[in-house]
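Next come the chains, spelled out residue by residue.
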Amino acid sequence: MVKDYRKLSKEISYALRHAPWEYELELDENGWVLISQLLNALHQNKEWKNVEISDVIKMIEKSDKKRHEINNDKIRAMYGHSIPMKIIKEIATPPKVLYHGTSYDFLESIKTNGLLPMSRQYVHLSEDIETANLVGKRKDLSPTIMRIDTEKARKNGDNFYLGNEKVWLADKISTTSIQILN
Ligand code: HQG
């Protein structure tokens, strides 16, 4: 039985997004890894020695965000990767408008350089202002919200990819497609 599913989710996100080598995991080009491999790695840690697949399923169900997905005998993180090997995501047509919430500290740099992935593999965008606001609040109590004109961005050659149903990914967003709302 797992007591803290949030903690388990953080550990699994760390393994699948940032440091698979610390867990001797081999991700395929789309970020999938065998659940059995992940469980074996977790069992090395006494905190997670009794984790079962049913706990991982429950962790995904209980989570506030859809961060991980399971397909047959494999699991992957749906977004957030920072590993050197770029995870190949599916190109998709986004809604006409997406949002990005961030700290005012980054505003000048974003105005000059556009949105860049920084330490992750992709820029992360939200389908609605509320979600963008929550993302931005991780860095600024009163974050700045940007509105992205995705049709303009696509004409500029910026590709969009599916994250989960609320998170969209892009390689970059050029300045001309960004409107600063506040
Ligand atoms: C900023 C969480 C300066 C960008 C969230 C952001 C999300 C620039 C920061 C997911 C810049 C990167 C990702 C530029 C972008 N100059 N700063 N040119 N371009 N930035 O944490 O989007 O809970 O890597 O504004 O909910 O904040 O972990 O990205 O502030 O969905 O599942 O560089 O992580 O999900 O920060 O968050 P992050 P993010 P989880």
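Just so it is clear, the structure is predicted and the values come from calculations on it, not from any experiment. (Residues numbered from 1 in each chain as written. Predicted model: local features only at pLDDT ≥ 70, side-chain atom pairs only at ≥ 80, totals over all residues. Heavy atoms only, no water.)

Even without glycine at this site, Glu24 takes up a positive phi of about 55°. By secondary structure assignment, the location of Glu24 is in the loop between α1 (5-18) and β1 (33-34). What makes Glu24 exposed here is its relative accessible area of 72%. (Helix = DSSP H or I, 4+ residues; strand = E, 2+ residues; numbered from the N terminus. Buried < 20%, exposed > 50% of the residue type's maximum accessible area, 1.4 Å probe, protein only.)

Another aspect to go through is the site of the ligand. Residues in contact with the ligand amount to 19 residues; listed here are only the nearest, Lys65, His100, Ser109, Arg120 and Lys139. Here an oxygen atom of the ligand sits 2.6 Å away from a polar atom, N or O, in the side chain of Arg120. Protein chains shield 89% of the accessible area of the ligand, which is 780 Å² for the free molecule. Among the secondary structure elements, those contributing two or more residues to the shell around the ligand are β4 (97-102) and α4 (107-113). Per-element tally for the shell around the ligand: the top contributor is α4, with three residues. By residue class, the composition of the shell around the ligand is seven nonpolar, six polar and six charged. Both domains that furnish three or more residues to the shell around the ligand are identified here as domain 1 (5-77) and domain 2 (97-180). (Near = heavy atom within 4 Å. Polar contact = N/O pair within 3.5 Å; in protein donor to acceptor, adjacent residues only side chain to side chain. Areas by Shrake-Rupley, 256 points an atom, 1.4 Å probe, with all protein chains shown as cover. Nonpolar A, V, L, I, M, F, W, Y, C, P; charged D, E, K, R; others polar. Domains from an automatic or database assignment.)

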